[in-house]
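Next come the chains, spelled out residue by residue.
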Amino acid sequence: MMQTQRTLENQQSMMQSGQISGSLSFNGALSKEDEEMSKSALSTFRAKEEEIEKKKLEVKEKVQAQLGRIEEETKRLASIREELEALADPMKKEVSVVRKKIDTVNKELKPLGQTCQKKEREYKEALDAFNEKNKEKVQLITKLMEVSKAR
């Protein structure tokens, strides 16, 4: 494409200087037609080149705009991530504090549970002893009543 442009520019400059006007055609009428065709082709080529440059600039601007949006969104995502981490950190701290409290309570509960079981056994033993003594008392009272009646 660049070679074609250079060739056309070289031909145009040579035509203007009169170097190839006679060699391109056999008569003057054809050389003017050739010259006009060359000028037309060159202007068409330049117009297309300008159009390509405009499109190139438009695409470049669109890409820059998209890159700008991407950069903004990246910053926004980073800030959201930081906020989420900040929210997650207090939760982690709270969870670890609660877990430590649970562990502490479990440590305190273990000996208390053992003490409670020991006290329940002692209570049952005392209750059994009380019931046994109460039965013995009832038997003795019954015996006393029998002895008193027998007299």
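Residues numbered from 1 in each chain as written. Predicted model: local features only at pLDDT ≥ 70, side-chain atom pairs only at ≥ 80, totals over all residues. Heavy atoms only, no water.

So, the overall build of the protein chain
Looking only at helices and strands, the protein chain features 3 helices and 0 strands. Taken from the N to the C terminus, the helices and strands of the protein chain come in the order α-α-α. Accessible surface, the protein chain as shown: approximately 13,900 Å² in total, 57% of it carbon and sulfur. (Helix = DSSP H or I, 4+ residues; strand = E, 2+ residues; numbered from the N terminus. Areas by Shrake-Rupley, 256 points an atom, 1.4 Å probe, with all protein chains shown as cover.)

Quick word on the confidence of the model for the protein chain
Summarising the model, the protein chain shows a mean pLDDT of 84, and 80% of its residues fall at 70 or more. Ranking the helices and strands of the protein chain by mean pLDDT puts helix 3 (residues 28-150) first, with 91, and helix 2 (residues 21-24) last, with 45. A low-confidence stretch, residues 19-26 stays under pLDDT 50, and its non-local contacts, those more than four residues away or across chains, total 10 contacts. (pLDDT = per-residue confidence, 0-100. Contact = heavy atoms within 4.5 Å.)

Focus on a nonpolar patch on the surface
Judged by side-chain polarity, Leu-77, Ile-80, Leu-84, Leu-87 and Met-91 come together as a nonpolar surface patch covering roughly 490 Å² of accessible area. Examined against the element boundaries, Leu-77 turns out to sit in helix 3. (Patch = residues over 30% accessible without salt bridge, like charges linked within 9 Å, V, L, I, M, F, W, Y side chains within 5 Å. Salt bridge = Lys/Arg side-chain N within 4 Å of Asp/Glu carboxyl O.)

Points about the pattern of salt bridges
Scanning the entire structure with this criterion turns up 5 salt bridges. Where Glu-35 meets Lys-39, a salt bridge forms, and the shortest distance between an N and an O atom there is 3.5 Å. Linking Glu-35 with Lys-39, this pair stays in helix 3, spanning 4 residues, or about one helical turn. One salt bridge connects Arg-76 with Glu-73, and the closest N-O pair in it is separated by 3.4 Å. Taken together, the residues Arg-76 and Glu-73, both in helix 3 and 3 residues apart, mark about one turn of the helix. In this structure Glu-73 comes out as partly exposed when scored by relative accessible area, which is 41%. (Buried < 20%, exposed > 50% of the residue type's maximum accessible area, 1.4 Å probe, protein only.)

Section: a negative patch on the surface
Together, Glu-122, Glu-125, Asp-128, Glu-132 and Glu-136 line one region of the surface with negative charge. With respect to the helices and strands, the residue Glu-132 is situated in helix 3. (Lys, Arg positive; Asp, Glu negative; His and termini not counted. Charge placed at Lys NZ, Arg CZ, Asp CG, Glu CD.)

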